[in-house]
Amino acid sequence: MSFPALYLIPRHIGEVSVQNYPSFLKDVKCFVCESEKGLRNFLLNVVGHFKMEDYEILVYNEHNVNAVENKLVFQKWLESKVNIGMMSDVGVPAVADPGKDLVMLAHRYEYHVIPLVHESSIIAALCASGLNGQKFMFHGYPPIDRIKLKKLIQSLVHHKDIKKYTHIFIEAPYRNQQLFQNLLTWLPDEIYISITVEAGTANTFSRTRQVIEWKNTSLPSINKKRVVFLFSYA
């Protein structure tokens, strides 16, 4: 794994054995969680014997999601370049749960955002994007015809009822690079585009930037790779 990293950890409803969690999580000492009880149960499952005082903990939930001091703590961790784990009590962080603002902040610090979600590349990408995880739309494969594609993309960002949604697409691997370029050409500069490449593999890569930022940086090579594309007003 590359470091530093923010690991987004799914929590299942039922009992999950230690084999379901990567061994490297035993070395993560900074955690964002919805409750200390939920974190304690997770650590008991993954680490076994532990002391809570050995961990730095940021409780981040619907009751304090707007607290400035929470973001300052998280920002301090990012500046220290430590590895961070983020989890919900149940489910996936930042998807119908708090956390997207912290994920976006991690992208700003050029962290490796790694969703440990293997059941669905779409949910993994949404989780890792830092974009709206409360309202989102999956559109599947986009039209091949360039005129139809342009009309669809532009309609999604201008439609008053869904413009604030996160829009999610997948594409045939050999057309990924062209779709990425089209999104950069047709979307407004302030829109955020997120890509998650090879989700669920050892080569997972996620990055979220505004269109204007993508235009001013060297674009990653995503040709013939499995990619999930997302865009939204963050």
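Being a predicted model, the structure only gives us computed values, none of them experimental.

**Q** Sorry if this is basic, but what is going on with the overall build of the protein chain here?
**A** Each helix and strand in the protein chain was counted, giving 7 helices and 10 strands. For 234 residues, the compact-globule formula gives about 17 Å, and the C-alpha radius of gyration of the protein chain, at 18 Å, lands near that figure. Counting all 234 residues of the protein chain, 48% fall into the buried class. By sequence separation, contacts in the protein chain at least 24 residues apart represent 74% of the contacts at least 6 residues apart.

**Q** Is there a simple way to think about the packing of aromatic side chains in this case?
**A** Remark: the centre distance and the inter-plane angle together describe each pair of aromatic rings, the angle taken between the planes. Inspection of the entire model under this criterion finds 8 aromatic pairs. An angle of 40 degrees between the planes, with centres 4.8 Å apart, marks the rings of Tyr7 and Phe24 as tilted. With Tyr7 in strand 1 (residues 5-9) and Phe24 in the loop between strand 1 and strand 2 (30-33), this pair connects stretches of sequence that are 17 residues apart. The class for Tyr7 is buried, based on a relative accessible area of 1%. Plain terms: the ring middles of Phe180 and Trp214 are 5.2 Å apart, the flat faces sit at 80 degrees to each other, and that makes the pair edge-to-face.

**Q** Even after reading the chapter, I still don't get the sheet that holds strand 8 (residues 192-197), so can you show me in this structure?
**A** Across a sheet, strands are paired by hydrogen bonds formed along the backbone, either parallel or antiparallel in direction. Overall, mixed pairing links the 5 strands, which are arranged 6-7-10-8-9 in an open sheet. Of all the strands in the sheet, the pair left with one neighbour each is strand 6 (136-138) and strand 9 (205-210). Neighbour to neighbour, the strand axes of the sheet diverge by 15 degrees on average, direction disregarded. Each of strand 8 and strand 9 touches helix 3 (residues 100-108); the most contacted strand, strand 9, lies at about 90 degrees to it. Where helix 6 (residues 176-186) meets the sheet, it contacts strand 8 and strand 10 (227-232), and its direction lies at approximately 10 degrees from that of strand 10.

**Q** I keep staring at the nonpolar core and nothing clicks. Help me out?
**A** Proteins that are soluble and globular tend to have nonpolar side chains buried together. Formed by 33 residues in total, the largest nonpolar core has its most connected members in Leu6, Leu8, Val32, Phe74 and Ile84. Taken together, the elements giving at least two residues each to this core come down to strand 1, strand 2, helix 2 (68-80), strand 4 (84-87), helix 3, helix 4 (121-129), strand 7 (166-170) and strand 10. Apart from the residues within four sequence positions on either side, Leu6 is in contact with Phe74, Ile84, Met86, Val103, Ala106, Tyr111, His112, Val113 and Ile114.

**Q** Honestly, helix 1 (residues 36-46) in this entry has me stumped. Any pointers?
**A** Working note: α-helix, 3.6 residues per turn, so residues spaced by three or four point in the same direction. Gly38, Leu39, Phe42, Leu43 and Val46 are the residues of helix 1 that are buried. With its buried residues spanning 130 degrees around the axis, helix 1 presents them on a single face. Helix 1 presents Lys37 and Leu44 as exposed residues on the side facing more than 90 degrees away from its buried surface. Turning to helix 1, the residues buried within the fold contact strand 1, strand 2, strand 3 (56-59) and strand 4. Positive backbone phi, approximately 90 degrees, marks Gly48, located one or two places after helix 1.

**Q** Sorry if this is basic, but what is going on with the packing of helix 5 (residues 146-158) against helix 6 here?
**A** Helix-helix packing: each pair is described by the crossing angle between the helix axes and the interaxial distance. At a closest axis distance of 11 Å, the pairing of helix 5 and helix 6 adopts a crossing angle of 50 degrees. With respect to each other, helix 5 and helix 6 are oriented oblique. Considering only the axes of helix 5 and helix 6, their crossing is right-handed. Residue-level contacts link Arg146, Leu149, Lys150, Ile153 and Gln154 of helix 5 to Leu179, Asn182, Leu183 and Trp186 of helix 6. Looking at the contact of helix 5 with helix 6 residue by residue, the class counts come to 5 nonpolar, 2 polar and 2 charged.

**Q** What is the right way to look at the side chain of Glu171 in this model?
**A** Looking at where Glu171 falls in the secondary structure, it is placed in the loop between strand 7 and helix 6. Reaching out from Glu171, the side chain makes a polar contact with the side chain of Arg175 at a distance of 3.4 Å. Here Glu171 is in contact with Tyr141, Pro142, Asn176, Leu179, Val227 and Phe229, once residues within four sequence places are set aside.

Definitions and limits used
Residues numbered from 1 in each chain as written. Predicted model: local features only at pLDDT ≥ 70, side-chain atom pairs only at ≥ 80, totals over all residues. Heavy atoms only, no water. Helix = DSSP H or I, 4+ residues; strand = E, 2+ residues; numbered from the N terminus. Rg over C-alpha atoms; globule rule 2.2 N^0.38 Å. Buried < 20%, exposed > 50% of the residue type's maximum accessible area, 1.4 Å probe, protein only. Contact = heavy atoms within 4.5 Å. Phe/Tyr/Trp six-rings, centres within 6.5 Å; stacked < 30°, edge-to-face > 60°. Pairing = 2+ DSSP bridges. Axes fitted to C-alpha atoms, helices over the stretch in contact; angles between N-to-C directions. Core = buried A, V, L, I, M, F, W, Y, C linked by side-chain atoms within 4.5 Å. Arc of directions from axis to C-beta. Parallel < 35°, antiparallel > 145°, perpendicular 65-115°, else oblique. Left-handed = near helix turned anticlockwise from the far one by under 90°. Nonpolar A, V, L, I, M, F, W, Y, C, P; charged D, E, K, R; others polar. Polar contact = N/O pair within 3.5 Å; in protein donor to acceptor, adjacent residues only side chain to side chain.

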